[in-house]
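Here is how the chains run, residue by residue.
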Amino acid sequence: MAGGHAHDAHDDHGDGPEVLSVSDKNPRVRTIQVKRPTPAESSYLAATAKGLGVTLKHFVKNTFSRRKNTYIETIEYPEQKFEYPERFRGLHRLMHRDDGAVRCVACMCCPTVCPAHCITIVPAQTDDNGIEKYPATFEIDELRCVVCGLCVEACPCDAIRMDTGIHAKPVEERHEAIMTKDLLLELGARSTAVQGGEGADWRGKK
Amino acid sequence: MDIVYAILDNAALKWAVLVLIMVMPLASLLTWAERRQSAMMQDRLGPNRANLGPLKIWGILHFIADAVKMIAKEDFIPGSVHRGLFALAPILALAPVLVAFAIIPFGPTVYPHVMGDVLNTYQLASGPVGDAAQQAAWAATYDDSIRAQVFQIEFGLIFYFAILTLANYGGTIAGWASYNKWALLGGLRSSSQMMSYEVSMGLSLMGMFLIWGTLEPGAMVQLQGSEPWKWGVVLWPFVPLGLVAFILFFTAAIAETKRAPFDIPEGEPEIIGYFVEYSGIRWGMFFLAEFIEIVFISAVITTVFFGGYQVPFLDPDGFRFLGDWVTVNGQQVHLGGYYLPVPHGAVVALQFGAFAIKVVLLCWLQLLIRWTLPRFRADQLMNLGWKVLLPSSLGLIMVAALAKLVSFL
Ligand code: SF4
Ligand code: SF4
């Protein structure tokens, strides 16, 4: 605290008011020049006129010239769209295997890592021993999703992606925002990544 | 007198036509115009979506959508309000502004029998003279007239000051009845602001009244005549009386509408204002009252400072430049000069149009000011009201009185 005041005492330059004299007993006691607004300033007329000039300029240019010559940069959303960066995270999708089945092996990595707890998976067994499990249900509540992308990072087999570029759509009922497995698969496509490494019999191959 | 014209000249009918055909649509359009204009000033687009299929017209239809929305919205009344006063307040805010329109001359006197012909101003002013047949002919032509002013009365603008002060009770009572501290603060602020500005608003016009010697708006418009250098705003008795009065009155009038830069009663960031508890169409009535007040102030300023319905150089009988003023039967008639005759019907249409254009332009100016200036602090507001506006308007009265005196000497 003391340090702050000591600094104040010789701070008689800069933006502060002009210091006329400083008391020799206490340097913090000073006489300063107070600037009062002149009558012209306090009638606000000049400043008002200046301000009106600025807004008038913008009004005239924005109203009476062609759109591309105006100051307006608004994007009229549903008709015009902003181009998203390549890695924009949109709605989720579930990728397919070569045979069209879901790639997800219900490893439960993504519901575990999901900070919003919005992924619900009910795993079930498959006949394919190399895969063991598949998701019987796979639901993502897009209302709760915080679009962090951790699920995509966590997935060991490129089964879940967020590269659709689609926003979560506005809905009237909360349950409509839940994406079911069918929907997720509908958005999906065949993934080219090789799943399961060299296959279940990799030991024998050696 | 033809019964049709007598009905058309009926005050209640004229008022209804004025309010329903001109004021209400203009005020509701302003709700859209305000948002669109502010958007244009702030490099945005504003409401441009409401449409009827392909009919988009810059989104003007938003005002209909807004009205439907406000009527259809839930009218929520908090449990602790004073129900009677709560219901009364929006009406108190809206009704006086509508009534005040009665004094505005929004067009010239229409003589329905000479619509197609050029009006003979000399004959009209001299009244029924000559033999019985001539007098009968005069009466047949000029007896039926429709005056485009609902309420023509000696005390004219005083009526306006009196009535518009009542509108302020709307805000104050709304604040009181809402049983909400913010609303009450808003109501009190609105009445204190009204008190500081009502005075200078009235006084700023007194100088003009003194010079013209009349309070009646219709007479003022006639006095200003068709020559723009005689209009109120350029009234110049050795000081720019008209211009100064215009600035003073305009400032006080904007404060009276309680809009930025004088929107302290509303104070959106802090107290929301006296209508904080209102919703649905009740709130809509406050909103509409505010916009009607804008239209009204534009109409008063048009009448007092910008020649009312007068078109530059258009006399009742046609375009005339530099004519002579002749006094006929106590009335000033403009004759001679460079003259181009125009039929009465066309003159009437032009003059109604001129009034509408002037009013719309002034509304536009008020919106421009509202979206340019930041809000005044309460102390700045009081300083401006009591220390700048009031002394200057008192000074104006003295100057006007001196000018009047000098002109008598
Ligand atoms: S993006 Fe994040 S919040 Fe959304 S589902 Fe994936 S992990 Fe959960
Ligand atoms: S992390 Fe991948 S494989 Fe594992 S449950 Fe999620 S989507 Fe399925």
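For every chain, the first residue of its written sequence is number 1, and the numbers climb from 1 along that sequence. Here chains are named by letter from A upward and ligands by number from 1 upward, in the order in which they appear as written. pLDDT decides what is reported in this predicted model: residues at 70 or higher carry local features, side-chain atom pairs at 80 or more are listed and counted, and totals for whole chains, interfaces and linings draw on all residues regardless. With hydrogens and water excluded, all non-hydrogen atoms of the structure serve as input to the side-chain values.

### Some details on the overall build of chain A
- We count a stretch as a helix when DSSP gives it H or I for four or more residues in a row; a strand needs E for two or more, and each element gets its number in order from the N terminus. A tally of helices and strands in chain A yields seven helices and seven strands.
- Order of helices (α) and strands (β) in chain A, N terminus to C terminus: α-β-β-α-α-β-α-β-β-α-β-β-α-α.
- By residue count, 24% of the 206 residues in chain A fall in the buried class.
- Considering only contacts within chain A whose residues lie at least 6 apart along the sequence, 59% involve residues at least 24 apart.
- Summed over all atoms, the accessible surface of chain A reaches about 14,900 Å², with 54% contributed by carbon and sulfur. Three labels apply to residues, based on accessible area from a 1.4 Å probe with only protein chains included: buried if under 20% of the type maximum, exposed if over 50%, partly exposed otherwise in between. Residue contacts follow a heavy-atom distance rule, with two residues in contact if any of their heavy atoms lie within 4.5 Å. The protein chains shown are the only cover counted for residues, whose accessible areas, like all others here, come from Shrake-Rupley with a 1.4 Å probe.

### Here's the deal with the site of ligand 2
- Near, as used in this document, describes a residue that has one of its heavy atoms within 4 Å of the molecule or strand being considered. Around ligand 2 sit 14 residues, and of these A:C104, A:C107, A:M108, A:C110 and A:C155 come closest.
- Amino acids outside the nonpolar list (Ala, Val, Leu, Ile, Met, Phe, Trp, Tyr, Cys, Pro) and the charged list (Asp, Glu, Lys, Arg) are all regarded as polar, and Gly is one of them. Residue composition of the shell around ligand 2, grouped by class: 14 nonpolar, no polar and no charged.

### Examining unusual backbone geometry
- For A:D158, which is not a glycine, the phi torsion comes out positive at approximately 45°.
- Note that A:D158 resides in the loop between α5 (150-154) and β6 (160-161).
- The partly exposed category is assigned to A:D158, whose relative accessible area is 22%.
- Positive phi outside glycine occurs at B:K258, with the angle close to 60°.
- For B:K258, the position within the fold is in the loop between α10 (241-256) and α11 (280-305).

### Re the sheet that holds strand β1 (residues 314-315) of chain B
All names here are of chain B.
- When DSSP finds two or more bridges between a pair of strands, those strands are recorded as paired. Strand order in the open sheet formed by three strands is β1-β2-β5, with antiparallel pairing between adjacent strands. For this open sheet the edge positions go to β1 and β5 (338-341), each flanked by a neighbour on one side alone.
- Direction of pairing for strand β2 (residues 318-321) relative to β5: antiparallel, over a ladder of four bridges. In the sheet register, F321 faces β5, and the bridge partner there is Y338.

### Comments concerning the packing of helix α7 (residues 156-177) of chain B against helix α8 (residues 181-212) of chain B
Residues and elements named next belong to chain B.
- Lines fitted to the C-alpha atoms define the axes, with helices restricted to the stretch that makes contact. Angles between their N-to-C directions range from 0 to 180 degrees. At a minimum axis distance of 8 Å, the contact between α7 and α8 shows a crossing angle of 170°. Taken together, the axes of α7 and α8 are roughly antiparallel relative to one another. Note on element contacts: α8 touches α7 through A183, L184, G187, S190, S191, M194, E198, M201, G202, L205, M206 and F209, opposite L157, I158, Y160, F161, T165, N168, G171, T172, G175 and W176.
- Residue composition of the contact of α7 with α8, grouped by class: 12 nonpolar, nine polar and one charged. Here roughly perpendicular refers to angles of 65 to 115 degrees, roughly parallel to angles under 35, roughly antiparallel to angles over 145, and oblique to all remaining angles.

### Concerning the interface of chain B and chain A
- With 18 residues of chain B at the interface, the matching set in chain A holds 20 residues.
- For the chain B and chain A pair, buried surface summed over both sides reaches about 1,600 Å², with 68% attributable to carbon and sulfur atoms.
- Whenever two N or O atoms come within 3.5 Å, that pair is a polar contact, provided that in protein one can donate a hydrogen and the other can accept it, and provided that, for residues adjacent in sequence, both atoms are side-chain atoms. In this structure, the connection of chain B to chain A is made through seven residue pairs in polar contact (both at pLDDT 80 or more).
- For the side of chain B that touches chain A, the secondary structure elements donating two or more residues are α2 (11-41), α12 (344-370) and α13 (378-408) of chain B. Take the accessible area each of two parts loses on contact, using a 1.4 Å probe, and add the two losses: that sum is the buried area.

### Observations regarding the pairing of strand β5 (residues 133-141) of chain A
Residue and element names in this part refer to chain A.
- Here strand β4 (residues 119-125) pairs with β5 via seven bridges, running antiparallel. The residue bridging P123 from the neighbouring strand is P135, located in β5.
- As paired elements, β5 and strand β7 (residues 178-179) share two bridges and run antiparallel to each other. For D141, the partnering residue across the bridge sits in β7 and is I178.

### Details of the state of the cysteines
Residues and elements named next belong to chain A.
- When two cysteine sulfur atoms lie within 2.5 Å, the pair is treated as a disulfide. For the structure shown, the criterion picks out zero disulfides over all chains.
- Just so you know, C157 is unpaired, no disulfide at all, and the nearest cysteine sulfur is the one on C155, 4.1 Å from it.
- Of the residues examined, C157 reaches a relative accessible area of 12% and is grouped as buried.

### A short note on the site of ligand 1
- Every one of the 13 residues lining ligand 1 counts as a neighbour, but A:C114, A:C145, A:C148, A:G149 and A:C151 are closest to it.
- For the shell around ligand 1, the per-class residue count stands at 11 nonpolar, two polar and no charged.

### Here's the deal with the domain arrangement of chain B
Residues and elements named next belong to chain B.
- Note that the domain bounds were set by an automatic or database domain assignment. The domain boundaries assigned to chain B delineate domain 1 (1-72) and domain 2 (75-109 + 118-132 + 154-408).
- A C-alpha centroid distance of 20 Å is found between domain 1 and domain 2.
- On the domain 2 side, the residues contacting the 19 residues of domain 1 number 26 residues.
- Taking both sides of the interface into account, the surface hidden between domain 1 and domain 2 amounts to around 2,100 Å²; carbon and sulfur atoms contribute 82%.
- When the buried surface of domain 1 facing domain 2 is broken down by residue, L30, E34 and M70 rank first, second and third, together holding 28% of it.
- Salt bridges are counted wherever a side-chain nitrogen of Lys or Arg sits within 4 Å of a carboxyl oxygen of Asp or Glu. Our count for the domain 1 to domain 2 interface comes out at two salt bridges.
- With a closest N to O distance of 2.8 Å, R259 and E34 form a salt bridge.
- Taken together, the connections running from domain 1 to domain 2 amount to six residue pairs in polar contact (both at pLDDT 80 or more).
- Elements with a minimum of two residues in the side of domain 1 that touches domain 2: α2 and α3 (62-72).
- With 16 residues, the top contributor of residues to the side of domain 1 that touches domain 2 is α2.
- Residues belonging to the side of domain 1 that touches domain 2 are distributed by class as follows: 13 nonpolar, five polar and one charged.

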